[in-house]
Amino acid sequence: MSSENSSADDERRPADGEQRVWDVVVVGAGPAGASAAYAAAVAGRSVLLLEKAELPRYKTCGGGIIGPSRDALPPGFELPFRDRVHAVTFSMDGRFVRTRRSRNMLFGLINRPEFDQQLVEFAQKAGAELRTGATVSRVEQHGSAVPDRRTVAVVLQGGETILARAVVGADGSASRIGAHVGVKLDQVDLGLEAEIPVPETVAEDWRGRVLIDWGPMPGSYGWVFPKGDTLTVGVISARGEGAATKRYLEDFIARLGLAGFEPSISSGHLTRCRADDSPLSRGRVLVCGDAAGLLEPWTREGISFALRSGRLAGEWAVRIAEAHDAVDARRQALNYAFAIKAGLGVEMSVGKRLLAAFERRPGMFHAGLTGLRPVWKAFTGITRGSTTLGEIVRTHPAVGRALTALDRRPPVAEGAGE
């Protein structure tokens with residue numbers, strides 16, 4: 001350890017009878033939180049990572065790792081792939097089935113408990129301290145629990161108080177930290193998923209191939225992601241269609257010939273997208289990942305948004321921790337918000353327009369992905385990480401014009417071949 005780091009540690013070490021003040025406390029040990037903790041710890045700060053569950057823990061998630069997720073991982077991170085995808089079968093509520101293949105891998109599939117645990121271990125190796133079984137009830141930036149204006153109090157269930165110079169909220173889509181910050185949401189979707197163990201003969205049929213099925217409700221779709229001897233089968237649609245969404249999943253599983261296999265896990269989860277004017281900070285508290293409502297609105301892909309926003313939150317939390325007054329802390333928080341909006345915000349804006357167009361004309365999307373080479377090329381570029389939705393719209397004016405035209409056109413009854 002360098003003498004510079006040693007002196008910094010000495011400054012942070014509490015005197016006898018004083019409560020320790022952490023540089024950064026991160027709430028939630030999913031991909032966003034683990035990434036934030038890693039980024040702050042690598043910068044040499046004292047970091048405490050709080051998680052209410054015991055690890056590893058299950059999370060409702062397809063587990064697809066696309067290029068942007070891979071590129072946001074810590075150096076040396078070995079992805080625990082259960083399968084590598086080279087083919088995608090597309091269908092429209094079971095009809096108009098077509099498979100497209102690629103020589104190169106499109107994306108990889110992981111089990112979330114394993115992936116999340118590995119991310120946390122990387123944060124710990126970087127110097128972060130993990131504490132599980134710790135449920136945060138609230139954070140306070142004023143009042144008797146806060147010794148000075150440079151400190152945030154993180155209050156756990158049971159009354160214990162932890163002090164920090166900066167806090168990162170990464171505690172999921174029902175975030176308590178998000179509520180403190182005032183996160184506003186304008187899109188909420190219900191995802192239902194089943195983990196279905198299958199015999200080797202069935203698993204072999206799915207190896208290296210996923211299924212994407214455009215569903216019967218506007219904006220809905222289903223998926224099959226193979227992971228060795230288990231298929232992750234799920235559907236997602238707008239909240240408020242609970243019974244129809246459950247029926248879609250049951251019909252989907254039956255149509256695939258999988259109804260005779262007992263799921264090892266059946267689960268549900270609400271995904272929430274932020275409103276455009278939703279805050280990303282309050283005082284010395286930042287939010288990232290699901291807690292901030294950061295995910296791609298059309299596909300509801302959240303892992304890459306969690307990893308990227310988590311890393312940024314960890315980096316800017318370090319700067320907030322070093323801020324000596326509220327003005328400087330506010331400046332750093334605004335810089336974090338700008339970094340999020342300039343990258344992920346642009347992708348979300350395009351994703352919202354795509355979702356609106358997809359809700360109105362799913363058959364056109366299906367026809368494009370299965371029959372038009374430029375559309376398939378764009379899809380593969382996004383999954384591999386060589387481009388983004390924002391870059392495609394920016395560099396291909398025709399795409400922007402097409403989206404604008406779709407924004408204005410009324411929905412029509414359509415089939416896949418129109």
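Here the structure is a predicted model, which means the values were calculated and not measured.

S.K.: Explain the pattern of salt bridges to me, please; I cannot follow it from the model alone.
M.R.: Where charged atoms from two side chains of opposite charge come close, those side chains can pair. Tallying each qualifying case throughout the model produces 18 salt bridges. Residues E114 and R82 are paired through a salt bridge, measuring 3.1 Å at the closest nitrogen-oxygen approach. One end of the pair, E114, is in helix α4 (residues 112–125); the other, R82, is in the loop between α3 (67–71) and β4 (83–85), with 32 residues separating them in the sequence. Taking relative accessible area as the criterion, E114 reaches 33% and is therefore assigned partly exposed. Salt bridges linked by common partners bring R57, R112 and D116 together as one network.

S.K.: How should I be thinking about helix α8 (residues 303–322) in this particular structure?
M.R.: Each α-helix winds once per 3.6 residues, and so residues spaced three or four apart point in a common direction. For α8, with 20 residues, the first-to-last C-alpha span of 29 Å sits near the 28 Å given by 1.5 Å per residue. Within α8, 16 of the 20 residues are buried, which leaves the element mostly enclosed by the surrounding structure.

S.K.: Can you help me understand the domain arrangement of the chain in this one?
M.R.: For an interface, size is often stated in terms of accessible area lost upon the parts coming together. Per the domain assignment, the segments making up the chain are domain 1 (21–79 + 111–185 + 275–347), domain 2 (186–273) and domain 3 (358–407). Placing a centre on the C-alpha atoms of domain 1 and another on those of domain 3 gives a separation of 31 Å. Taken together, the contact between domain 1 and domain 3 spans nine residues of the former and nine residues of the latter. Across the interface of domain 1 and domain 3, roughly 670 Å² is buried in total on both sides, 68% from carbon and sulfur atoms. Inspection of the region where domain 1 meets domain 3 yields two residue pairs in polar contact (both at pLDDT 80 or more). Of all the elements in the fold, those that place two or more residues in the side of domain 1 that touches domain 3 are α3 and α9 (326–360). Partitioned by chemical class, the residues of the side of domain 1 that touches domain 3 number four nonpolar, one polar and four charged.

S.K.: Whenever I open this one, the sheet that holds strand β13 (residues 209–214) confuses me. Can you help?
M.R.: Pairing between the strands of a sheet comes from backbone hydrogen bonds, and it takes one of two forms, parallel or antiparallel. One open sheet accounts for seven strands, arranged β6-β5-β13-β14-β15-β12-β16; its pairing is mixed. Lying at the two open borders of the sheet, with one neighbouring strand each, are β6 (95–101) and β16 (265–274). Between one strand axis and the next, the sheet turns by 20° as a mean value, whatever way the strands run. Bridge analysis of strand β12 (residues 185–197) against strand β15 (residues 230–238) gives nine bridges, and the strand direction is antiparallel. Residue pairing in the sheet places L192 in a bridge with V235 of β15. Relative to β16, α9 is tilted by about 110°, and along the sheet it contacts β12, β13 and β16. Of the strands in this sheet, β5 (87–92) and β6 touch helix α11 (residues 373–384), which is tilted by about 120° from β5.

S.K.: Before we go on, may I ask you to explain the side chain of R57 in this structure?
M.R.: Considering the arrangement of structural elements, one finds R57 in the loop between β2 (47–51) and β3 (64–65). Taking relative accessible area as the criterion, R57 reaches 17% and is therefore assigned buried. Side chain to side chain, R57 and D116 meet in a polar contact 2.8 Å long. Beyond its immediate chain neighbours, meaning those up to four positions away, R57 contacts A29, G30, E51, P113 and D116.

S.K.: Please explain α4 as it appears in this structure.
M.R.: Across its 14 residues, α4 extends 20 Å between first and last C-alpha, which sits within 8% of the 20 Å expected from 1.5 Å per residue. Residues of α4 that are buried include every one of R112, F115, D116, Q117, Q118, L119, V120, F122 and A123, and no others. Against the buried residues of α4 lie α2 (31–42), β2, β3, β8 (129–132) and α8. Looking one or two places after α4, you find G127, whose phi comes out positive at around 120°.

S.K.: I keep staring at the sheet that holds strand β7 (residues 107–109) and nothing clicks. Help me out?
M.R.: A sheet is described by the order of its strands in space; here three strands give the open sequence β3-β7-β4, paired in antiparallel fashion. Of all strands in the sheet, those bounded by a partner on one side alone are β3 and β4. Bridge analysis of β3 against β7 gives two bridges, and the strand direction is antiparallel. By the bridge assignment, I65 is partnered in β7 with G108.

S.K.: Could you clarify how one ought to interpret the packing of aromatic side chains in this entry?
M.R.: By convention here, two paired aromatic rings are described through the distance between centres and the angle between planes. Scanning the entire structure with this criterion turns up 15 aromatic pairs. It is R20 that lies over the ring of W22; its NZ or CZ is 3.7 Å from the centre. Looking at R209, its charged tip hangs above the ring of W206, at a distance of 4.3 Å from the centre.

S.K.: Just checking my understanding: could you explain the pairing of β12 for this structure?
M.R.: Two faces belong to every sheet, and in a regular strand the side chains alternate between them. By the criterion of burial, β12 is predominantly enclosed, with ten of the 13 residues buried. In terms of strand pairing, β12 meets β16 through ten bridges, oriented antiparallel. By the bridge assignment for β16, G191 is matched with H269.

S.K.: Would you take a moment to explain the packing of α2 against α4 for this structure?
M.R.: Relative orientation and spacing of two packed helices are given, respectively, by the angle between their axes and the distance between those axes. At a minimum axis distance of 8 Å, the contact between α2 and α4 shows a crossing angle of 15°. The orientation of α2 relative to α4 falls into the category roughly parallel. Crossing of α2 over α4 shows left-handed handedness. Within the contact between the two elements, α2 uses P31, A34, A37, Y38 and A41 and α4 uses R112, F115, D116, L119, V120, F122 and A123. Per-class residue counts for the contact of α2 with α4 are ten nonpolar, no polar and two charged.

What counts and what doesn't
- Residues numbered from 1 in each chain as written.
- Predicted model: local features only at pLDDT ≥ 70, side-chain atom pairs only at ≥ 80, totals over all residues.
- Heavy atoms only, no water.
- Salt bridge = Lys/Arg side-chain N within 4 Å of Asp/Glu carboxyl O.
- Helix = DSSP H or I, 4+ residues; strand = E, 2+ residues; numbered from the N terminus.
- Buried < 20%, exposed > 50% of the residue type's maximum accessible area, 1.4 Å probe, protein only.
- Expected span 1.5 Å × (residues − 1).
- Domains from an automatic or database assignment.
- Contact = heavy atoms within 4.5 Å.
- Buried area = accessible area lost by both parts, 1.4 Å probe.
- Polar contact = N/O pair within 3.5 Å; in protein donor to acceptor, adjacent residues only side chain to side chain.
- Nonpolar A, V, L, I, M, F, W, Y, C, P; charged D, E, K, R; others polar.
- Pairing = 2+ DSSP bridges.
- Axes fitted to C-alpha atoms, helices over the stretch in contact; angles between N-to-C directions.
- Phe/Tyr/Trp six-rings, centres within 6.5 Å; stacked < 30°, edge-to-face > 60°.
- Lys NZ or Arg CZ within 6 Å of the ring centre and 35° of its normal.
- Parallel < 35°, antiparallel > 145°, perpendicular 65-115°, else oblique.
- Left-handed = near helix turned anticlockwise from the far one by under 90°.

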